[in-house]
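The lines below spell out each chain.
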Amino acid sequence: MIVYISRRLLSAVVTVLLASVIVFAAVQLLPGDVATQVLGQDATPDAVAALREQMGLNRPAVLRFLDWITGAVRGDFGVSLVSGEPVSATLWLHLRNTMLIAVATIAVAVTSSIVLGVVAGLYRDRWPDTVVSTLTLIGMSVPEFVVATLLVLALSITVPVLPAVVLDEASAPVADLLPAVVLPTIALSVVMTAYIVRMTRTSVIDVMESEFVTTARLKGLGTGRVVVRHALPSALLPTLNVIAMNVAWLVGGVAVVENVFNYPGVGRMLLEAVHNRDLPVLQAIAVVSAAVYVLCNLAADLGAMALNPRLRTGERSAR
Amino acid sequence: MPRTPGAEGAPPRIPRRTALLGGAGVLGAAVLLPGCAASGPQAAPALPEAAATGATADGGVLRMARPPASQAETLDPASSLSAYEYLGALYSRLVRMDAEGQTVPDLATGWESDDAGLVWTFRLRDGVRFHDGRGFTSADAAYTLRRIVDPDLASPQGTVLGPLVDPGRVHTPEPGVLVVELTTPNFEFPALLTNYHCYVVPDGDGDTIGATGIGTGPFRLDSFSPGGRGRIVAHDDHWEGRPALDAIEMFSMTDIQARTNALLAGQVDLISQTNLDFATARVVEASERATIARSVNAQWYVLPMLTTAEPFTDARVRRAMKLAYDPQHVIDVALQGTGVPGNDNPVPPDTPYWTDYALERDPDRARALLAEAGHEGLSLELYTSAYDPVFTPMALAYRDSAAEAGIDITVRNTSADSYYTQIWMQKPLMATYWYTGRPADQLLNQVFRSGSSYNETAWSDGAFDDLLDAARATADEDRRRTLYQDAQRMVVDEGGAMTPMFADRLVGLSRDVLNYHESGFEFDYLNIGLRP
């Protein structure tokens, strides 16, 4: 078990390292650099030269990467080329804000999707299943920015109960951000729920047809007990990986939704950094996103072990 | 006092502009509008032209959504990264430009030059104070001017003023008098100081001005975070009087949709520096909370032909490209009538030095010119992007119009993100725009003079450069106008820029906002207010 975890952790470190190299190389391939991007139409040769000098861009790319990586190992992500602020401080603030949305979305999406998935699975091909399946198919097909726009139209413009965009800075207190979290959470939950419901429904159907469920029924157990104690743990196994993938997608992929709501999270920070070719910021976000991704998958695998007796005792039965 | 030319020398005006300036309200302007839109498709209702006017509430806070330049932005007016919306509110210039393109007093009350146009004397306003209480004197004006031409600062206006102003020859004989000895004669010098990089900063404050924003404008700085939010509050001792508003709050929003949603939901009152696309503009106009006002002729659109690239090295091809298309068709398609023809001349109609000279559209002549140049059945790529909503419709309208002269154009859509680094001044034919608000002399020198860093067509013609030099050195008003008009004719006849149109900027604002007025780079911060 410990060997397994440490092997996974080691491969995680390698993955994160590779991600940072790839992001660095990819940004070098993008046309333009931070000086030309920031100046735009005012990028006269003199102005570009002055800004490059000021930002220390005249050193070779490899040297700049080595500088960055030696700092990053010590936990120092450097300063943003554009704002001159330390990347770590800004990133943690934005990450905190994104986590607000992420945690709320996970809570809403996982709970509702498991309930809906189980209902759909138990009432297979009857009307509750038809309703849930139709809604999830719609949820999957409509992109999150369309959902977001419809929500703004309904809840900010027609019936103005929630803010359409966030006017606060990244450093605003959590309490101020809370009203702004609601709409992004709903928008993301709709998309995320759709995927998990499909998965849960399928595995509930599979499990309910398996022999041990039949045995449990024959023992005389009630449906509620059969579902909660026997069917659900098994049915959740394959679902767990889907949830893990979705959580990782959340942290990396909220960019569009955050921009629509002007929400000061990692997604908006990422988009601005890409636009400005702000390498230190991009690198830091890449490392953090990769780490979250890897950790989510690791957690899912460990969770699967905890739920599955065969995997949990895998080392012994392998003899 | 030799100020800019009076009304007697001004060219005739189109009815629309007269209506607007004559103080006619929204309805009056809208009724007279069809002058330029009559031949266009009449499917959609006209968007309102001017913002509502009237007596405003006493005080109030205006909330403004703005596109963030970047987190590198600064309040230093001379910098190429200046936070544009703050400048006009925090600072004043020596001179400003009125809606008709005339140079009028701001901190300078009057100015005159010697007979050669070399030595300029500015008399400065008395009793003006900076926000921190310091009195404004000629030392501040001299410091500001020397800073702009400092090569280390790389100010965009430094490229214009640098060749004229020697920092050692800016004198302050009295606290109320500034004397500038130019290195070459220039009778247009005051007009060049209307630029928005020329706002006056306090003597010696260069290192801190980017964060303090201390000026003599109607508002003083309360807070500012680069690329983020900020707040400016009314300056009670402003020399023109206190502004109508108590404060303006600025919010940076990268996404245009976010800016529009914020307006529709009533979270902000005005979207600055954003030209809404027509679909969005109609949604805003139809809403109860918000409406549209236009900044008239706010930008000119260009299809620059790179004169150093084949086939545009041949003047006959450039002329054929201009003769081939119908500007009215491009306006109808790309602007839905919210603009006026440019006639391939970027000097805005009705400004003091404008000429109405235009080429008559003639696709057959274009075809003949192409045949003569050995380019029969010319096939070209025209680059565009989503950087501005008008680019692609303009490119497509040009393509359809030019097809009648046998020119085969393929429109290529590219990334908006790197459009100005990879496409502009790189590809032989592309779509772009400029904000109006530059005086004719600056415009012609900056965009068309040989070797200028903003010369997007890389056009180089010694005769044209000589014309500009001659105009600058000509004392006589009428003679000077003739020379600038000759220069414009050269741009139309031989230059590389196709300028199909001047477009109004469609500005989204709350129905509660009164007295919004913006022309060129001038925004009226003093009178804008909220409905009582």
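All of these numbers come straight from a predicted model, not from anything done at the bench.

All names here are of chain B. Counted by the stated rule, this structure contains 29 aromatic pairs over all chains. Taking the centre distance of 6.2 Å and the plane angle of 70 degrees together, the rings of Y84 and F521 count as edge-to-face. Remark: F521 occurs in the loop between β19 (518-519) and β20 (522-523) and Y84 occurs in helix α4 (residues 84-90); sequence separation between them is 437 residues. Each member of the pair, Y84 as well as F521, carries the same accessibility label: buried. A centroid spacing of 4.7 Å and a plane angle of 45 degrees characterise the contact between Y196 and F521, whose relative ring orientation is tilted. Separated by 325 residues along the polypeptide, Y196 in the loop between α7 (189-192) and α8 (209-212) and F521 in the loop between β19 and β20 bring together distant segments of the chain. Residue Y196 is classed as buried on the basis of its relative accessible area of 16%. Since its relative accessible area comes to 9%, F521 is described here as buried. Of note, R505 hangs over the ring of Y435, and the distance from its end group to the ring centre comes to 4.8 Å.

Under the UniProt annotation, the feature "domain: Solute-binding protein family" (unreviewed entry) is placed at residues 103-450 of chain B. Its end C-alpha atoms 26 Å apart, residues 103-450 of chain B is made of 27% helix and 25% strand.

All names here are of chain B. This model, assessed by the stated rule, comprises eight cavities of 30 Å³ or more. Along its surface, the largest cavity is lined by L94, A141, T144, L145, I148, L178, L193, C198 and V200. When residues of the lining of the largest cavity are assigned to their parent elements, the largest contribution, four residues, is made by helix α5 (residues 138-148). Broken down by class, the residue content of the lining of the largest cavity amounts to eight nonpolar, one polar and no charged.

Bringing the packing of helix α5 (residues 87-122) of chain A against helix α12 (residues 266-276) of chain A into the picture now. Residues and elements named next belong to chain A. Running from N to C, α5 and α12 cross one another at 135 degrees; their axes reach a closest spacing of 8 Å. Regarding the angle of α5 to α12, the classification is oblique. Two secondary-structure elements touch here, α5 through T90, L91, H94, L95 and T98 and α12 through V266, G267 and M269. Of the residues belonging to the contact of α5 with α12, the class tally is four nonpolar, four polar and no charged.

Turning to a nonpolar patch on the surface, a few remarks are in order. Residue and element names in this part refer to chain A. On the surface, F145, V146, L150, L153 and V256 cluster together into a nonpolar patch covering about 410 Å² of accessible area. With four residues, helix α7 (residues 144-158) is the largest single contributor of residues to the nonpolar patch. Within the element layout of this structure, F145 appears in helix α7. Residue class for F145 comes out partly exposed when judged on its relative accessible area of 40%.

The subject of this paragraph is the sheet that holds strand β4 (residues 108-113) of chain B. Residues and elements named next belong to chain B. The antiparallel open sheet is built from four strands, whose spatial order is β4-β5-β7-β6. Two strands bound the open sheet, and with one partner strand each, they are β4 and β6 (165-174). Across the sheet, the mean angle from the axis of one strand to that of its neighbour is 20 degrees, orientation sign disregarded. Contacting β5 (119-124), β6 and β7 (177-182), α5 crosses the sheet at an angle of about 175 degrees to β6.

Think of interface size as the accessible area that goes away when the parts come together; that is how it is often given. Residues and elements named next belong to chain B. The assigned domain composition of chain B is domain 1 (95-209) and domain 2 (297-505). Between domain 1 and domain 2, the contact holds 18 residues from the first and 18 residues from the second. Together domain 1 and domain 2 conceal approximately 1,300 Å² of surface at their shared face, both sides included; 56% is due to carbon and sulfur atoms. Its largest share of buried area at the contact with domain 2, domain 1 owes to M97, F187 and E188, together 40% of the area lost on that side. Between domain 1 and domain 2 we count one salt bridge in total.

With that settled, consider the packing of α7 of chain A against helix α8 (residues 174-208) of chain A. Residues and elements named next belong to chain A. Interaxial distance between α7 and α8 falls to 9 Å at its minimum, and their mutual angle equals 140 degrees. Taken together, the axes of α7 and α8 are oblique relative to one another. At the point where α7 passes α8, the crossing takes the right-handed sense. Contacts from E144, V147, A148, L151, V152, L155 and S156 of α7 reach α8 at L183, I186, A187, V190 and V191. Within the contact of α7 with α8, the residues separate by chemical class into ten nonpolar, one polar and one charged.

All names here are of chain A. Mapped onto this structure's residue numbering, the UniProt feature "transmembrane region" (unreviewed entry) falls at residues 99-123, 135-157, 177-197, 235-261 and 281-307. Its end C-alpha atoms 35 Å apart, residues 99-123 is made of 96% helix and 0% strand. Between the C-alpha atoms that bound residues 135-157 there is a distance of 25 Å. The span itself is 91% helix and 0% strand.

Turning to the side chain of T194 of chain B, a few remarks are in order. All names here are of chain B. Looking at the element boundaries, T194 is found in the loop between α7 and α8. Given a relative accessible area of 4%, T194 falls into the buried group. Reaching out from T194, the side chain makes a polar contact with the backbone oxygen of A191 at a distance of 2.7 Å.

A few words now on the nonpolar core. If you look at the biggest cluster of nonpolar residues, it comprises 165 residues, and the most contacted ones within it are M321, L444 and Y516 of chain B. Sorting elements by how many residues they give to this core places α8 of chain A first, with eleven residues. Of the residues that make up this core, three or more belong to each of domain 1 (95-209) and domain 2 (297-505) of chain B. Ranked by size, the runner-up nonpolar core spans 32 residues in total, among them L107, W120, L145 and F187 of chain B.

This brings us to the interface of chain B and chain A. Taken together, the contact pairs 35 residues of chain B with 35 residues of chain A. Both sides of the chain B and chain A interface together cover about 2,900 Å² of buried area, and 55% of this is carbon and sulfur. For chain B, the biggest contributors to the area lost against chain A are Q71, Q267 and D417 of chain B; these three give 18% of the whole. Taken together, the connections running from chain B to chain A amount to one salt bridge. With a closest N to O distance of 3.6 Å, D168 of chain A and R229 of chain B form a salt bridge. Where chain B packs against chain A, one counts eight residue pairs in polar contact (both at pLDDT 80 or more). Secondary structure elements with two or more residues in the side of chain B that touches chain A: β10 (247-252), α9 (256-264), α15 (419-422) and β16 (432-435) of chain B. Across the side of chain B that touches chain A, the residue classes break down as 16 nonpolar, 15 polar and four charged.

Here the focus is the environment of L91 of chain A. The topology assignment puts L91 of chain A in helix α5. Not counting residues up to four positions away in its chain, the partners in contact with L91 of chain A are V266, M269, A284, I285 and V288 of chain A.

This next bit is on helix α14 (residues 391-402) of chain B. All names here are of chain B. Helix length check: α14, at twelve residues, gives a terminal C-alpha distance of 16 Å against a target of 16 Å (1.5 Å per residue), a fit within 8%. Along α14, the residues that are buried comprise F391, M394, A395, A397, Y398, S401 and A402. Looking straight down α14, one finds that the buried residues subtend no more than 165 degrees of arc, so they occupy a single side.

For the rest of this paragraph, the subject is the pattern of salt bridges. All names here are of chain B. Taken as a whole and assessed by the stated rule, the structure comprises 35 salt bridges over all chains. Among the ionic pairs, R242 bridges to D236, the shortest N-O distance being 2.9 Å. Here R242 falls in the partly exposed class, since its relative accessible area comes to 39%. Accessibility expressed as a relative area gives 52% for D236, which makes it exposed. Here E518 ties to R505 by a salt bridge, and the two come within 3.6 Å at their closest N and O atoms. Here E518 is found in strand β19, whereas its partner R505 is found in strand β17 (residues 497-510), with 13 residues between them in sequence.

Bringing the pairing of strand β8 (residues 219-224) of chain B into the picture now. All names here are of chain B. Both β8 and strand β9 (residues 230-234) contribute to a ladder of five bridges, which runs antiparallel. Its bridge partner lying in β9, F219 is registered against A234. The hairpin turn running from β8 into β9, its antiparallel successor, is five residues long, and G227 in that turn takes a positive phi close to 70 degrees.

Calculation criteria
- Residues numbered from 1 in each chain as written.
- Chains lettered and ligands numbered in written order.
- Predicted model: local features only at pLDDT ≥ 70, side-chain atom pairs only at ≥ 80, totals over all residues.
- Heavy atoms only, no water.
- Phe/Tyr/Trp six-rings, centres within 6.5 Å; stacked < 30°, edge-to-face > 60°.
- Helix = DSSP H or I, 4+ residues; strand = E, 2+ residues; numbered from the N terminus.
- Buried < 20%, exposed > 50% of the residue type's maximum accessible area, 1.4 Å probe, protein only.
- Lys NZ or Arg CZ within 6 Å of the ring centre and 35° of its normal.
- UniProt positions renumbered as here; feature names shortened; annotations may be inferred.
- 1 Å grid on protein atoms, 1.4 Å probe; cavity = no way out; pocket = protein on both sides within 12 Å on 5 of 7 lines; lining within 4 Å.
- Points joined across faces, edges and corners; volume = space filled by probe spheres on them.
- Nonpolar A, V, L, I, M, F, W, Y, C, P; charged D, E, K, R; others polar.
- Axes fitted to C-alpha atoms, helices over the stretch in contact; angles between N-to-C directions.
- Parallel < 35°, antiparallel > 145°, perpendicular 65-115°, else oblique.
- Contact = heavy atoms within 4.5 Å.
- Patch = residues over 30% accessible without salt bridge, like charges linked within 9 Å, V, L, I, M, F, W, Y side chains within 5 Å.
- Areas by Shrake-Rupley, 256 points an atom, 1.4 Å probe, with all protein chains shown as cover.
- Salt bridge = Lys/Arg side-chain N within 4 Å of Asp/Glu carboxyl O.
- Pairing = 2+ DSSP bridges.
- Domains from an automatic or database assignment.
- Buried area = accessible area lost by both parts, 1.4 Å probe.
- Left-handed = near helix turned anticlockwise from the far one by under 90°.
- Polar contact = N/O pair within 3.5 Å; in protein donor to acceptor, adjacent residues only side chain to side chain.
- Core = buried A, V, L, I, M, F, W, Y, C linked by side-chain atoms within 4.5 Å.
- Expected span 1.5 Å × (residues − 1).
- Arc of directions from axis to C-beta.

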